[in-house]
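The lines below spell out each chain.
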Amino acid sequence: MTTGSDLIAQLERLGDEFAAVIAPLADEQTIRAAQAQFLGKKGQVSEVMKELGRLPPVDRPLVGQAANRVKDTIAAAVDARLVALAAARRAADLARTVDVTLPGRPCGGGHLHLLTQVRLELVGIFAELGFAVAEGPQIETDWHTFEALAIPKDHPARDMQDTFYVADEIVLRTHTSPVQIRTMQGHPPPIRIVAPGVVYRRDDDATHSPMFTQIEGLVVDEGVRVSDLKGVLLHFVNRFYAGSGGGLDVRLRPSYFPFVEPGVEIDMSCRFCRGGGCRLCKGSGWIEIGGAGMVDPDVFAQVGIDSERYTGFAFGMGIERMAMLRHGVNDIKLYYEGDLRFLDQF
Ligand code: PHE
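Residues numbered from 1 in each chain as written. Predicted model: local features only at pLDDT ≥ 70, side-chain atom pairs only at ≥ 80, totals over all residues. Heavy atoms only, no water.

Enquirer: For this particular structure, what's the right way to read the overall build of the chain?
Expert: Along the backbone of the chain there are 12 helices and 10 strands. Computed over the C-alpha atoms, the radius of gyration of the chain is 40 Å, more than 25% above the 20 Å expected from 2.2 N^0.38 for a compact globule of 346 residues. Across its three principal axes, the chain shows a C-alpha extent of roughly 120 × 55 × 35 Å. In the chain, which comprises 346 residues, the proportion classed as buried is 41%. (Helix = DSSP H or I, 4+ residues; strand = E, 2+ residues; numbered from the N terminus. Rg over C-alpha atoms; globule rule 2.2 N^0.38 Å. Buried < 20%, exposed > 50% of the residue type's maximum accessible area, 1.4 Å probe, protein only.)

Enquirer: Which parts of the structure should I look at to understand the pairing of strand β10 (residues 311-318)?
Expert: In regular strands, side chains alternate between the two faces of the sheet. Counting buried positions over the eight residues of β10 gives seven, a clear majority of the element. Pairing analysis gives eight bridges linking strand β6 (residues 211-221) to β10, with the strands arranged antiparallel. Note that in β10 the partner of Gly 217 across the bridge is Phe 315. Inspection of the sheet shows strand β9 (residues 286-295) paired to β10 by five bridges, in the antiparallel sense. When the sheet's bridge partners are listed, Ala 292 is paired in β10 with Phe 315. (Pairing = 2+ DSSP bridges.)

Enquirer: Please clarify how the site of the ligand should be interpreted in this entry.
Expert: Neighbouring the ligand are 15 residues; His 175, Ser 177, Arg 201, Gln 214 and Gly 316 lie closest to it. One of the side-chain nitrogen or oxygen atoms of His 175 is found 2.9 Å away from a nitrogen atom of the ligand. Measuring from an oxygen atom of the ligand, one finds a side-chain N or O atom of Gln 214 at 2.9 Å. The fraction of the free accessible surface of the ligand (320 Å²) that becomes covered by protein chains is 93%. Of all the secondary structure elements, the ones that give two or more residues to the shell around the ligand are β6, β9 and β10. Per element, the largest residue contribution to the shell around the ligand is three residues, and it comes from β10. Taken together, the residues of the shell around the ligand sort by class into six nonpolar, seven polar and two charged. (Near = heavy atom within 4 Å. Polar contact = N/O pair within 3.5 Å; in protein donor to acceptor, adjacent residues only side chain to side chain. Areas by Shrake-Rupley, 256 points an atom, 1.4 Å probe, with all protein chains shown as cover. Nonpolar A, V, L, I, M, F, W, Y, C, P; charged D, E, K, R; others polar.)

Enquirer: How do you make sense of the domain arrangement of the chain when you look at a structure like this?
Expert: How big an interface is tends to be expressed through the accessible area that disappears when the partners come together. Domain annotation of the chain identifies domain 1 (4-95) and domain 2 (114-343). When each unit is reduced to the centre of its C-alpha atoms, the spacing between domain 1 and domain 2 is 81 Å. (Domains from an automatic or database assignment.)

Enquirer: Is there a simple way to think about the pairing of β9 in this case?
Expert: When you tally the buried positions in β9, you get eight out of 10 residues, the bulk of the element. Sheet topology places strand β8 (residues 260-269) next to β9; eight bridges connect them, and they run antiparallel. The partner of Met 268 across the bridge, within β9, is Ile 287.

Enquirer: What is the right way to look at the sheet that holds β9 in this model?
Expert: Hydrogen bonding along the main chain pairs the strands of a sheet, whether they run parallel or antiparallel. Here seven strands make up an open sheet; going across it, the order is β1-β5-β6-β10-β9-β8-β7 and the pairing mixed. Looking at the sheet topology across the chains shown, the edges are occupied by β1 (132-133) and β7 (250-255). Pairing geometry for β7 and β8, over six bridges, is antiparallel. Along β8, the bridge assignment pairs Arg 253 with Glu 265.

Enquirer: Just checking my understanding: could you explain the sheet that holds strand β2 (residues 139-141) for this structure?
Expert: Taken in spatial order, the three strands line up as β2-β4-β3 in an open sheet, and their pairing is antiparallel. Two strands bound the open sheet, and with one partner strand each, they are β2 and β3 (165-167). On average, each strand axis in the sheet is tilted by 35° relative to the strand beside it, whichever way the strands run. Judged from the two bridges that link them, β3 and strand β4 (residues 170-172) form a sheet pairing that is antiparallel. In the strand pairing of β4, Ala 167 is matched with Ile 170. (Axes fitted to C-alpha atoms, helices over the stretch in contact; angles between N-to-C directions.)

Enquirer: I keep staring at the side chain of Thr 213 and nothing clicks. Help me out?
Expert: Locating Thr 213 in the fold gives a position in strand β6. Note on Thr 213: relative accessible area 16%, which makes it buried. In terms of polar contacts, Thr 213 uses its side chain to reach the side chain of Glu 320, at 2.9 Å. Excluding its chain neighbours within four sequence positions, the residues that come into contact with Thr 213 are Gly 197, Val 198, Met 317, Gly 318, Ile 319 and Glu 320. (Contact = heavy atoms within 4.5 Å.)

This is how it looks when you write it as structure tokens:
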């Protein structure tokens, strides 16, 4: 038969046991867990207290008081242990030798992607010549991308730019030339803009990617001539590839784009052999960098500009290709893979 004094003895023993249990514990979490084992709802103190009902009522108050004492003892032991641990931590902290002469930890700085750097540089070069920046949507109407640029539905030029159709009359733009149309619709001449941006085509090899970036140029004013186009391109080529010491020439080679007349391919003298002929220019001394031409009067008619009064030129170049030519990058995919070993070189 359990008596009141048995229970009081058990409770007091629990108090002593607890002190022994937490003595080696060194962190708050395990100390709290031990506390719960003793004081929690299913803890050892509660187990003892279950016996209380079996005692004659007169014995109960003393046992209750003993239980409260044990709870206080345990709580005080926890507090004391935590205070001691905190003090020990602080002492260890203070005792630590800090070498204030150690160099700081480097925090690696990021930088702009090569293509972004090149795009900003290109825009800067054209800004020197008074060009503003224009933008247009990447998801574009068939009309802005093709029709208004004199590429009707059955035109063979569409095959060269076979693209991703979002809906019947909506495409991912294949070039930045639709920005020409949007700009001419929105502003009367004089116009002098460059339009950098992402374009999409069904091409995929070492020098072509289904997604790449171009920069378009458009100048419309009274008296704009092919020589103005050539002058702008000469300035651009020598500024952008100035690392090679300037003196690069530009050659306009007859070509065909439906929205310009005449249309040309832009060649610059090979910056690697300076025109002498090498492997990179395949011995020709020239490297192709884009397309250009004088704005076709049919295009002016589409956007309501009087082609008797105004003339203009347009050009388009691939930004990846320009960066490739400048830095000797030989695979277009390197730009998009996000490999820091490649990107950190620029
Ligand atoms: N839009 C043409 C292309 O992507 C390039 C170009 C632009 C040609 C402007 C002439 C004038 O191939």
